[in-house]
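# Structural overview for review
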Amino acid sequence: MTKVKNVLFIMADQLRWDYLSCYGHPHLHTPNIDRLAEKGVRFDRAYVQSPVCGPSRASCYTGRTVFSHGATWNRVPLPVGELTLGDYLRPLGVKTAVVGKTHMVPDKEGMARLGLNESSEIGVKISQQGFDPYERDDGLHPDEVLKAKGGTLRYNDWLRSKGYDGDNPWNDWANAAEGEDGEILTGWHLKNSNLPARVKEEHSETAYMTARAKDFIEECGDTPWLCHLSYIKPHWPYMAPAPYHDMYGPETLKPVLRSEDERRDPNPVYGAFMGMEVSETFSMQGARETVLPAYMGLIKQIDDHLGRLFDWLEETGKDKKTMIVFTSDHGDYMGDHWMGEKELFHEVSVRVPLIIYDPRPEADATRGTASDALVEAIDLVPTFLEATGAPSAEHRLEGRSLMPILRRENLEGWRDAAFSEIDYGFYAARETLNLGASDARGYMLRTNRWKYVHFKGFPPQLFDMQNDPDEFHDLGRHPDYDAERRYMHARLLERLTDRKNRVTMTDEGVYALRRDEDTSGILIGKWAP
């Protein structure tokens with residue numbers, strides 16, 4: 001096969017799989033993302049390695065599961081020795097840059113041990129997780145956080161050049177509304193989510209990041225590139241600029257997905273998460289109805305700007321040389337299952353959209369199709385490596401290339417279960433459960449029929465996804481399902497012990513050492529010649 005020259009790797013933050021029209025939303029029309037699906041393959045059962053920003057993204061960038069790479073939460077550094085997309089593609093001459101969010105932090109302790117300075121050429125690449133930080137912006141800049149980071153932000157500088165005053169226009173303009181008396185109403189308060197942001201739409205974060213991605217692609221010229229366009233929205237603060245803030249009325253909202261049965265004697269971990277403030281807030285009457293229109297508007301805005309970017313790629317002919325991937329780092333409960341945020345393993349949290357367009361003729365047979373294969377976020381790195389002709393690194397990578405699906409090849413032996421995990425040591429739920437920081441762990445395994453969740457130290461959860469697709473009835477303690485729990489627990493143990501931790505030597509290296517044993521002069525167990 002010919003190689004893909006460029007990769008446009010698009011990620012929306014906190015976008016549910018079911019909030020795009022190509023995935024069945026009846027009122028939120030996303031024609032440009034739908035257009036991408038018509039040109040490529042829509043994956044209907046894609047799962048993240050962890051339903052939290054940082055660890056999910058670290059797995060997308062490394063091709064490794066969360067407790068393998070070690071960045072188990074948002075501010076837990078990726079160890080200095082872990083390889084990421086940039087490390088794999090840079091030797092091929094591919095310029096690899098991020099525009100937007102990674103939610104990763106540098107391993108400063110590891111860098112100091114090796115005498116690496118963040119401002120040096122190699123230090124920048126390691127501290128930015130292998131990306132060139134073309135427009136790095138994690139999109140969370142309240143005043144105190146911004147001060148802790150040094151007080152500077154390129155997006156803020158740009159906003160000030162457009163006439164938005166103040167020390168932190170991100171906070172006071174892009175993510176705030178204006179009251180009747182001119183007072184600033186912060187987007188951090190969910191009750192303000194139905195108000196328009198003070199910033200003009202063309203100056204919002206989504207518009208800015210799209211323009212910067214185009215700038216990067218233009219600057220690359222004929223140099224091969226991977227552009228990780230990582231949108232900050234529709235993640236909170238749920239603050240959309242006009243006209244997107246009120247495009248969607250009550251009649252466009254999907255019914256809330258929850259049952260009173262879920263609150264009757266819940267699994268202790270699930271109960272602790274339902275008791276957190278964010279979950280109680282989203283379970284209040286009117287909260288979801290206030291926030292959801294803004295969430296939908298932010299998605300619609302992303303689709304509109306992607307349409308302009310896709311048009312430009314087609315007009316310039318760059319689309320013929322560019323693989324385009326669209327996905328999300330996790331979902332958003334939005335009041336479903338009596339929950340807010342993400343973190344646990346219901347479908348609305350752990351399942352994401354995934355669409356891949358491969359421009360090469362070998363993918364023509366699958367254009368406009370959908371795949372129900374169980375795929376995971378760790379499959380992206382091996383897919384990118386195969387597409388660009390990079391070495392496979394199978395001794396490190398725990399995912400599988402999606403190329404056989406894109407080319408409609410034989411999928412015999414494809415995985416029959418999807419895996420995800422969480423370190424919930426950073427949440428109030430852990431304190432409610434009186435757990436130590438290293439004891440708050442959860443693991444999910446999802447097959448065609450069953451979803452099994454193991455919480456260390458607590459009873460499991462079990463859902464019959466065939467007869468209870470809404471996940472209302474937890475069979476984790478039901479006496480009639482002991483055999484199913486034991487079967488799924490054994491399957492989970494297989495997956496946990498299948499991680500790849502020998503990352504410094506390939507399998508070929510192991511075979512070579514074994515072949516050389518008798519000729520090395522080191523004789524073990526020999527009695528005589």
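Below you will find a few notes about this structure. Computed from a predicted model, the values in this text were never measured in an experiment. (Residues numbered from 1 in each chain as written. Predicted model: local features only at pLDDT ≥ 70, side-chain atom pairs only at ≥ 80, totals over all residues. Heavy atoms only, no water.)

Attention now moves to the sheet that holds strand S14 (residues 450–455). Read from one edge of the open sheet, four strands run S12-S13-S14-S15, paired in antiparallel fashion. Across the chains shown, the open sheet's two edge strands, defined by having one partner strand only, are strand S12 (418–423) and strand S15 (461–464). Sheet twist, expressed as the average angle between the axes of neighbouring strands with direction ignored, equals 10°. Of the pairings in the sheet, the one linking S14 to S15 comprises four bridges and is antiparallel in character. Residue pairing in the sheet places Lys-451 in a bridge with Phe-463 of S15. This element, helix H18 (residues 482–496), spans S12, strand S13 (441–446), S14 and S15 of the sheet and lies at about 70° to S14. (Pairing = 2+ DSSP bridges. Helix = DSSP H or I, 4+ residues; strand = E, 2+ residues; numbered from the N terminus. Axes fitted to C-alpha atoms, helices over the stretch in contact; angles between N-to-C directions. Contact = heavy atoms within 4.5 Å.)

Another aspect to go through is unusual backbone geometry. Residues Lys-233 and Pro-234 are joined by a peptide bond in cis, for which omega reads 10°. With omega at 0°, the peptide bond leading from Trp-236 into Pro-237 counts as cis. Note on placement: Pro-237 falls in the loop between strand S7 (225–230) and helix H11 (268–274). The backbone phi angle of Arg-408 is positive, close to 55°, even though this residue is not glycine. Residue position: Arg-408 is located in the loop between helix H16 (403–406) and S12.

Before going further, it helps to spend a moment on the side chain of Ser-204. With respect to the helices and strands, the residue Ser-204 is situated in the loop between strand S6 (184–186) and helix H10 (205–220). A relative accessible area of 4% places Ser-204 in the buried class. From its side chain, Ser-204 meets the backbone oxygen of Glu-201 in a polar contact 2.8 Å long. A distance of 2.8 Å separates the side chain of Ser-204 from the side chain of Gln-301, its partner in a polar contact. For Ser-204, the residues in contact, after removing those within four places along its chain, are Tyr-155, Val-199, Pro-241 and Gln-301. (Buried < 20%, exposed > 50% of the residue type's maximum accessible area, 1.4 Å probe, protein only. Polar contact = N/O pair within 3.5 Å; in protein donor to acceptor, adjacent residues only side chain to side chain.)

Before going further, it helps to examine the pattern of salt bridges. Per the counting criterion, the structure on display carries 47 salt bridges. Look at the salt bridges and you will find they share partners, linking Arg-35, Lys-39, Asp-311, Glu-314, Asp-319 and Lys-320 into a network. (Salt bridge = Lys/Arg side-chain N within 4 Å of Asp/Glu carboxyl O.)

Here we come to the packing of aromatic side chains. The tally for this structure, following the rule as stated, stands at 20 aromatic pairs. Their ring planes at 70° and their centres at 6.1 Å tell us that Trp-450 and Tyr-481 sit as a pair that is edge-to-face. Of this pair, Trp-450 sits in strand S14 while Tyr-481 sits in the loop between S15 and H18, and the two are 31 residues apart along the sequence. Given a relative accessible area of 10%, Trp-450 falls into the buried group. Looking at Tyr-481, the relative accessible area reads 24%, which means it is partly exposed. Against the face of Trp-173 rests Arg-198, its NZ or CZ located 3.6 Å from the ring centre. Above the face of the Trp-338 ring, Arg-258 is positioned so that its terminal group lies 4.4 Å from the ring centre. (Phe/Tyr/Trp six-rings, centres within 6.5 Å; stacked < 30°, edge-to-face > 60°. Lys NZ or Arg CZ within 6 Å of the ring centre and 35° of its normal.)

This part covers H10. A rise of 1.5 Å per residue sets the reference length of H10, with its 16 residues, at 22 Å; its end C-alpha atoms lie 23 Å apart and thus fit the reference within 8%. All of the buried residues in H10 are Glu-205, Thr-206, Ala-207, Tyr-208, Met-209, Thr-210, Arg-212, Ala-213, Phe-216, Ile-217 and Cys-220. Against the buried residues of H10 lie strand S3 (95–100), strand S4 (132–136), helix H8 (154–161), helix H9 (169–174), S7 and helix H13 (287–316). Immediately beyond the C-terminal end of H10, within one or two residues, lies Gly-221, with a positive phi of roughly 60°. (Expected span 1.5 Å × (residues − 1).)

One number sums up the size of the largest pocket: a volume of about 1,500 Å³. As for the largest pocket, its lining consists of 48 residues, of which His-103, Asp-138, Leu-140, Val-145 and Lys-149 are closest to the centre. Secondary structure elements with two or more residues in the lining of the largest pocket: S4, helix H7 (143–148), H8 and helix H12 (277–282). Partitioned by chemical class, the residues of the lining of the largest pocket number 26 nonpolar, nine polar and 13 charged. (1 Å grid on protein atoms, 1.4 Å probe; cavity = no way out; pocket = protein on both sides within 12 Å on 5 of 7 lines; lining within 4 Å. Points joined across faces, edges and corners; volume = space filled by probe spheres on them. Nonpolar A, V, L, I, M, F, W, Y, C, P; charged D, E, K, R; others polar.)

Together, Met-505, Val-510, Tyr-511 and Leu-513 give the surface a local cluster of nonpolar side chains, amounting to about 360 Å² of exposed area. When you line up the elements, Met-505 lands in the loop between H18 and helix H19 (507–516). By relative accessible area, which is 31% here, Met-505 ends up partly exposed. (Patch = residues over 30% accessible without salt bridge, like charges linked within 9 Å, V, L, I, M, F, W, Y side chains within 5 Å. Areas by Shrake-Rupley, 256 points an atom, 1.4 Å probe, with all protein chains shown as cover.)

On their own, these measurements won't tell you what the molecule is for.
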